[in-house]
Amino acid sequence: MRDFSYCKRVVVKIGTNLLSSPDGVREDFLERVARDICVLREKGLQVVVVTSGAVGMGAKELGLSGKVTRINMRQACAAIGQPLLMQSYRSVFGSLGVNIAQLLLTPEVLNNRKSYLTLRDSLETLFSLRVLPIVNENDSVSTSEIGNAFGENDRLSALVASKIDADLLILMTDIDALYDADPRSNSNAKPLSIVEELTPEILAAAGSAGSAHSTGGMRTKLDAVKIARRAGCRVVLAHGNTENALERIIAGEAIGTLFLARPRIKNRKRWILYSWPEGFLRIDEGAASALREHKSLLPRGLTAVEGNFPAGAVVQINDIAKIISNFSSTELQKLIGLHSSRITEILGKEAPAVIARPEETVFLDEKDD
């Protein structure tokens with residue numbers, strides 16, 4: 001199960017607690033990780049690094065203590081810390097002869113199909129140039145509101161792994177494995193070497209606390225695992241301070257916890273599944289049943305339209321699915337409850353025949369374990 005010889009593309013997420021020290025970046029840790037990453041690249045692997053640490057570095061630069069919670073202060077800390085963080089990466093990897101590139105993402109980049117495809121093309125070009133992509137959330141412009149922020153970089157790393165069809169996601173953190181209970185409160189808690197399914201018991205055992213400058217806990221890591229697994233990507237959760245952790249993981253050593261993947265769904269469907277919906281459609285039970293039978297969504301079953309969105313947007317259907325809508329919200333308002341034969345009468349001869357096709361419909365329970 002720990003045979004990674006087939007892997008071609010790996011995403012490595014580095015957590016805040018590993019990178020940070022009272023004086024800034026832990027240069028000794030970053031140097032060790034950089035050497036490990038170089039070994040992976042020498043083996044022919046394409047590596048993407050998803051890094052945390054910008055907010056923490058900015059807070060340290062300002063002499064702040066405690067958790068930074070105010071949105072505007074987190075944005076300021078990120079703006080101050082991001083160049084400091086990247087300078088550390090550039091210095092360490094530059095000494096090893098590796099050029100790096102910075103990619104700052106917001107959810108809007110991944111939610112918009114055009115910008116998402118542009119991102120994929122950019123990464124492919126960087127890989128061809130042997131440049132190491134360093135990805136972080138653009139915290140200086142993101143907010144904590146749903147739909148405007150990833151929430152933490154565990155989720156970001158899983159989304160990146162999903163979007164680029166990575167074979168393996170390695171979550172480097174300050175804990176050595178997933179346990180069958182919270183080891184902080186249960187001395188009998190045992191580490192899990194391999195997890196085949198994220199059972200309710202495993203999810204219940206996950207804690208939620210993050211550190212002063214990070215926002216992720218074990219539950220956020222398991223949420224990230226769900227995303228990666230659905231993309232056919234295996235995940236290893238391991239302590240970043242383990243000597244030569246990345247090299248040893250790729251070699252198949254039983255380090256940390258390995259989460260097995262689920263069958264991979266197509267990339268376009270994954271993009272729909274994990275895009276934040278721009279609006280909501282309410283449909284009746286008959287239309288919902290038809291969707292489950294892999295039929296198109298028709299106007300007759302539409303009962304309400306919420307939000308303002310263009311044609312081609314990802315929208316949510318009740319609480320069961322997401323689709324790419326062939327119509328804008330304004331157009332859909334005109335079609336509520338009508339027979340399909342009236343679409344061209346109302347919107348013209350060039351109008352699509354259906355609201356959404358089965359191949360552009362993804363059920364929300366497809367992402368659940």
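Presented here is an overview of the structure given in this document.

Criteria and cut-off values
- Residues numbered from 1 in each chain as written.
- Predicted model: local features only at pLDDT ≥ 70, side-chain atom pairs only at ≥ 80, totals over all residues.
- Heavy atoms only, no water.
- Disulfide = S-S within 2.5 Å.
- Buried < 20%, exposed > 50% of the residue type's maximum accessible area, 1.4 Å probe, protein only.
- Phe/Tyr/Trp six-rings, centres within 6.5 Å; stacked < 30°, edge-to-face > 60°.
- Helix = DSSP H or I, 4+ residues; strand = E, 2+ residues; numbered from the N terminus.
- Lys NZ or Arg CZ within 6 Å of the ring centre and 35° of its normal.
- Axes fitted to C-alpha atoms, helices over the stretch in contact; angles between N-to-C directions.
- Parallel < 35°, antiparallel > 145°, perpendicular 65-115°, else oblique.
- Contact = heavy atoms within 4.5 Å.

**Quick word on the state of the cysteines**
Step number 1: All chains considered together, the criterion is met by 0 disulfides.
Step number 2: Cysteine cysteine 7 remains unbridged, with the sulfur of cysteine 233 as its closest cysteine sulfur at 8.1 Å.
Step number 3: Judged by relative accessible area, which is 0%, cysteine 233 ranks as buried.

**Observations regarding the packing of aromatic side chains**
Step number 1: In total, this model carries 1 aromatic pair according to the counting rule given.
Step number 2: Between tyrosine 89 and phenylalanine 93 the ring centres are 6.4 Å apart and the planes differ by 10 degrees, which places this aromatic pair in the stacked class. Residue tyrosine 89 and its partner phenylalanine 93 are both found in helix α4 (residues 71–94); the two are separated by 4 residues, about one turn of the helix. As far as burial versus exposure is concerned, tyrosine 89 and phenylalanine 93 are alike and both buried.
Step number 3: Positioned above the aromatic ring of tryptophan 271 is the side chain of arginine 113, whose terminal nitrogen or guanidinium carbon lies 5.0 Å from the ring centre.
Step number 4: Just above the ring of tyrosine 116 sits the side chain of lysine 163; from NZ or CZ to the centre is 5.3 Å.

**Comments concerning unusual backbone geometry**
Step number 1: The backbone phi angle of asparagine 244 is positive, close to 50 degrees, even though this residue is not glycine.
Step number 2: Here asparagine 244 shows up in the loop between β11 (234–239) and α10 (245–250).
Step number 3: Owing to a relative accessible area of 36%, asparagine 244 belongs among the partly exposed residues under this scheme.
Step number 4: With a phi close to 45 degrees, asparagine 318 is a non-glycine residue in the positive phi region.
Step number 5: Within the element layout of this structure, asparagine 318 appears in the loop between β15 (314–317) and β16 (321–324).

**Quick look at the packing of helix α7 (residues 153–163) against helix α11 (residues 267–274)**
Step number 1: Two numbers describe how α7 lies on α11: the axes approach to 10 Å, and their chain directions differ by 155 degrees. On the basis of the axis angle, α7 is roughly antiparallel to α11. Judged by residue contacts, Arg155, Leu159, Ser162 and Lys163 of α7 engage Asn267, Arg270, Trp271 and Tyr274 from α11.

**Here's the deal with the environment of glutamate 253**
Step number 1: Tracing the backbone shows glutamate 253 in the loop between α10 and β12 (257–259).
Step number 2: In this structure, the C-alpha to C-alpha distance between glutamate 253 and aspartate 3, residues 250 residues apart in sequence, is 9.2 Å.

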